Amino acid sequence: MQIFRHIPAASSPQAIAIGNFDGMHLGHQALLRQLVAYAQTYKITPAVMTFEPHPREFFMPQNAPARLASMREKLEYFAECGVQHVYVQRFNQAFAAQSPATFMQVLRQQLNANVVMVGEDFCFGAKRAGTVQTLIEHGFNVIPLPEVQLHGERVSSTLVRNALAAGELVKAHTLLDRPYSISGKVVHGAKLGRQLGYPTANVHMRHERPALTGVYAVKLNNLPAVANLGNRPTLEGIPKLKLEVHVFDFNDDLYDQHVHVQFFHKLRDEQKFAGLDALKAQIALDALQAKQYFSHG
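This report concerns the structure included in the present document. Note that this is a predicted model, so its numbers are computed, not measured.

**Points about the environment of A225**
You can see A225 is positioned in strand β14 (residues 223–230). Looking at A225, the relative accessible area reads 0%, which means it is buried. It is 19 Å that separates the C-alpha atoms of A225 and P210, two residues lying 15 residues apart in sequence. Excluding residues within four positions of it along the chain, A225 makes contact with Y216, A217, V218, V245, H246, V247, F248, A290 and F294.

**A short note on the side chain of Q14**
Following the sequence through the fold, Q14 ends up in strand β2 (residues 14–18). Not counting residues up to four positions away in its chain, the partners in contact with Q14 are I44, T45, A47, H85, Y87, L111, N112, A113, N114 and V115.

**Describing the packing of helix α1 (residues 26–42) against helix α3 (residues 71–81)**
Think of two packed helices as two axes; the pair is described by the angle between the axes and how far apart they sit. Their axes nearest at 10 Å, the elements α1 and α3 cross at an angle of 45°. Viewed along their axes, α1 and α3 adopt a mutual orientation that is oblique. Between α1 and α3 lies a crossing of right-handed hand. Within the contact between the two elements, α1 uses Q29, L32 and V36 and α3 uses Y77, F78 and C81. When grouped by side-chain class, the residues that make up the contact of α1 with α3 number 5 nonpolar, 1 polar and no charged.

**Section: the sheet that holds strand β13 (residues 214–220)**
Backbone hydrogen bonds are what pair the strands of a sheet, in a parallel or an antiparallel way. Ordered by their spatial adjacency, 6 strands build a closed barrel running β11-β12-β15-β14-β13-β16, and the pairing between neighbours is antiparallel. Across the sheet, the axes of successive neighbouring strands diverge by a mean angle of 45°, strand direction being ignored. Strands in contact with helix α8 (residues 169–176) are β11 (180–187), β13 and β16 (258–268); relative to β16, the strand with the most contacts, it is inclined by about 140°.

The rules behind these values
Residues numbered from 1 in each chain as written. Predicted model: local features only at pLDDT ≥ 70, side-chain atom pairs only at ≥ 80, totals over all residues. Heavy atoms only, no water. Helix = DSSP H or I, 4+ residues; strand = E, 2+ residues; numbered from the N terminus. Buried < 20%, exposed > 50% of the residue type's maximum accessible area, 1.4 Å probe, protein only. Contact = heavy atoms within 4.5 Å. Axes fitted to C-alpha atoms, helices over the stretch in contact; angles between N-to-C directions. Parallel < 35°, antiparallel > 145°, perpendicular 65-115°, else oblique. Left-handed = near helix turned anticlockwise from the far one by under 90°. Nonpolar A, V, L, I, M, F, W, Y, C, P; charged D, E, K, R; others polar. Pairing = 2+ DSSP bridges.

Note that all results are geometric; they support no functional claim without further evidence.
Right under this line is the structure:
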């Protein structure tokens, strides 16, 4: 798979799916399956255009939705689905201000878009003036994806975020067709967990607004573990959230490795304790409950 941070001229026709693809839920998966199948049938290149940052992060950074997936996680999923070209469009003032006509010119002349696949509510151009109907009126072959529903609800990134925020990890798993996960590089921390008898892998997160916080039964690279995602109120109350994972019966060095942490069950919300002894006792209980969850799962 080739990744482009700019938009070169495409030498051959492409089928292009356009969207944020945050979380890669069932709706996104259906769109990408359709994209790759169409490209294989007509022997053209399956491609994706996605945006960084998320447009809502650009327009209202203080009230933007929680991120479900980093760009790296999205790119990994595109590759798994068989996408061959990914165009990561920088969402900035210049891009936000361009007219629908300019965007369509890029699709036609630079990206050689044989077909455009988007959600039915797709909008583009300044003030979201362009719609699916605009593309059709200008001669584009558009395949809009009908919404995917699960138990009467429209599958969306917002629905996934709400499930995660409510601790409904089984529902999130169903919407994503996999356990929700966060990936990142293991970095050095204060090593307080080691002093308490529960060494942790500190997983660096690319974004400061995760979709969930608290204490969870998780798996790190498929190894059962317990994790805390929060600002450690018993300690210094750090302003930036941290993901700290204690892997059971594990002593290997994980520093600088890129790991995947899958969330299976919420144990509790994060809370402030009177001191380190109370915190250590609670960590022991959390670890026991996480082990019991996996032993009965």
